[in-house]
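Chains, contacts and geometry: an overview
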Amino acid sequence: DVFAEVLGDFKKSIPEFKNWYDLESPEEAPFPGEAVKKLSPMQKLALTRVFRPDRCYNAVKIFVAQAMGEKYVQPPVLDYERIYKGSTALTPMVFILSPGADPQADIQNLGDEMGFQAPTKFKFIALGQGQGPLAMQMLDQGYAKGYWVLLQNCHLLVNWLRSLDKKLELMKTPHKDFRLWLTTEPTDKFPLGILQRSLKVVTEPPDGLKLNMRSTLSKIDQTLLDECPNPVFRPCLFVLTFLHAVVQERRKYGKIGWNVNYDFNESDFIISRRLVSLYLTKAWEDGDEVLPWGSLKYLIGDAMYGGRVSDDMDRRVLVTYLGEYMGDFLFDDCQKFFFSREGYDYTLPVDEDGKVENYKEYVEKMPLVNSPAVFGLHPNAEIGYYNNATKGMWVDLISLQPRTGGGGSGISREEHIANVAKGVEEKVPILKLDIGTYDLMIIRQKLLDRNKGKPPTPCQVVLLQELERWNLLTKRMKATLMDLQKALVGEIGMSDQLDRIGDALFNGFLPTFWAALAPSTEKKLGSWMVHFQGRFSQYEKWIAEGEPACLWLSGLHIPESYLTALVQTTCRRKNWPLDKSVFFTLVTGFTEASEVGEKLEDGCYISGLYLEGAAWNKELRCLRRQDPKVLVEQLPIMQVIPIEGSKLKLQGTFRTPVYVTQQRRNAKGVGLVFEADLSSRDHPSLWVLQGVALSLNTDE
């Protein structure tokens, strides 16, 4: 077996393999050893998957380019005239948008060139609540008179799209000049009928800092640059261009970039540019020596770009960028300003004659590829980005696999599912199917006896609520696993729900039907079952021995309820007002729960926290920069201490959000547990831009 030979080479040449592993782009370098030369390109991909999964995304690109040609891995430049020529009056054009892409201006420019000017022969509308009838009216006009009609943001009105689908079916003889343009974000609710008869176009914004800035500056001419008499305006406009590119590029790094994938686009830049021009013109006319930085930073960071930002931690990132990029320090003759010096000196261009070409030429000299460090992120963020891209690719490939065939042992798909179902069922503790794991009446009586007749404490109430949710989960798991095994042997019919559970078990994923009753997680089935058993062990110990001295916070369904109960308990004992009491955190030197001695009188020790975006200095007990290739590390045990809000005075700490998973908080605000205070010897802006956060669960 050739892989056995590779393993032999690996054991003999570990230093050479380590050197290959440490390369920035190992997929472009040959593997060490002689046995590897016998591998096919596909087998080499499998080897890359083992050693450096984060580089698989690029390795697959190289593989496809070599096997099929580069045109299959390079996105084509959109030629709107060519798209138009490929369409007919009966063929709508559907633009599937990625964040930051907006084809309206380009479609409008094409219309102007071909004699379809707005608003007479080119009609457009942004769809939203109540806009359906107006859009239908435009469609009727265009159909009869040969106008172009552009319907934007179709994903916001998916119910109305069914009416549009029926309308298009009835359109048999439209005017020969009629064209229907649609834009939508990716959605699985888009009617299949429209997609089948349409021309599909995927639009993407420029990728990379240089291309993004080039795209923005291409729409700025000398007239725009001269619209403000204040000489400060031109460098400020370049700063705004850099900021616009940075906030867009930060998106590609996922949750460590922004919690929510905001649609920052050209309109934000245009309005911000006008505001800068307006305020600087007024300052020039009034002869003000002090520039209105405070107003500009507020309007750009909180109103224009910030108006899209719904998450407090994301707003903190945006405000930090404004603080780093805007101020009198831009024009300091003694200390030159740099946006970043990571790999290239990103600074303000030399502008002696006030020409727009000076700025465009400077951007052309910038490197095409840049490190995430330019945006304030750690270089590890790129590994995280490629890891996520690789994981997404594996999930898509698994979903494309045929639903027949056996595993490595030659067993059938059904047998494999049955074996997994049986193995999982054996690990589900259940008392009775109608009760679950715990009889809450018995547990409540145990607690009353322990309290000598007194009602349950706030923390005991949390335990009872947790056990109630646990029972719901175990009952659902047990019932569906029993039914699935019966369905596999033909005793009962296979429902859609059971079929989906079977698919998930076969592919090693957690069934969504179970996940609905479990704490949020990104874990695969195997690691989730380990977590599931850990939760059960903690509940058992809590019931038998009382509240633990060190609680595994990740094992709770709603962890924030326990922290609230801690504050309530202390407030009752010390007669503090509950609404004016908070808690602060302190990271200890303990790394294992067994090292913790007695339970704290007020507060508790918590374990199970993972640090992302930074590392922890165990000697100095403070944040430090990450080590290369180490994306997440476990934080030592943390102490949570309730305190009166008026007495809390913190210095040298960084306010760090704690999330349930590495997916952090979503657009609805779900996912944040609490905010911890981590000791730091660096300026907070470093950790803000590095996206530092804690999570209770990783995807491992």
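Residues numbered from 1 in each chain as written. Predicted model: local features only at pLDDT ≥ 70, side-chain atom pairs only at ≥ 80, totals over all residues. Heavy atoms only, no water.

Let's shift gears to the nonpolar core. With 122 residues, the main nonpolar core has Leu209, Trp514, Tyr562, Met638 and Phe674 as its most contacted residues. Excluding residues within four positions of it along the chain, Leu209 makes contact with Phe242, Ala245, Val246, Glu249, Tyr346, Met366, Asn370, Val374 and Phe375. Membership of the second largest hydrophobic core comes to 23 residues, among which are Met138, Leu157, Trp160 and Phe190. (Core = buried A, V, L, I, M, F, W, Y, C linked by side-chain atoms within 4.5 Å. Buried < 20%, exposed > 50% of the residue type's maximum accessible area, 1.4 Å probe, protein only. Contact = heavy atoms within 4.5 Å.)

Further remarks concern unusual backbone geometry. Residue Pro119 is reached from Ala118 by a cis peptide bond, and omega for that bond is 0 degrees. Unlike most non-glycine residues, Arg621 shows phi in positive territory, near 55 degrees. Topologically, Arg621 is positioned in the loop between β12 (615–617) and β13 (622–624). (Helix = DSSP H or I, 4+ residues; strand = E, 2+ residues; numbered from the N terminus.)

The subject of this paragraph is the sheet that holds strand β1 (residues 93–97). The sheet built from five strands is open, its strands ordered β2-β3-β4-β1-β5 with parallel pairing. At either margin of the open sheet sits one strand with a lone partner, and together these are β2 (122–126) and β5 (199–203). Averaged over neighbouring strand pairs, the angle between their axes works out to 15 degrees when direction is ignored. Note: β1 against strand β4 (residues 179–184), four bridges, orientation parallel. Opposite Ile96, over in β4, you have Thr184 as the bridge partner. (Pairing = 2+ DSSP bridges. Axes fitted to C-alpha atoms, helices over the stretch in contact; angles between N-to-C directions.)

Let us look at the confidence of the model for the chain. With 98% of its residues at a pLDDT of 70 or more, the chain shows a mean pLDDT of 89. Confidence, expressed as mean pLDDT per element, reaches its minimum in the chain at helix α17 (residues 380–399) with 84 and its maximum at strand β11 (residues 610–612) with 96. (pLDDT = per-residue confidence, 0-100.)

As a further point, take the pairing of strand β15 (residues 638–644). Counting buried positions over the seven residues of β15 gives seven, a clear majority of the element. Where strand β9 (residues 581–587) lies against β15, seven bridges are found, and the strand directions are antiparallel. Each bridged residue has a counterpart across the sheet, and for Phe584 the counterpart in β15 is Ile641. Both strand β10 (residues 604–607) and β15 contribute to a ladder of three bridges, which runs antiparallel. Looking at β15, one finds that Cys604 is bridged to Val640.

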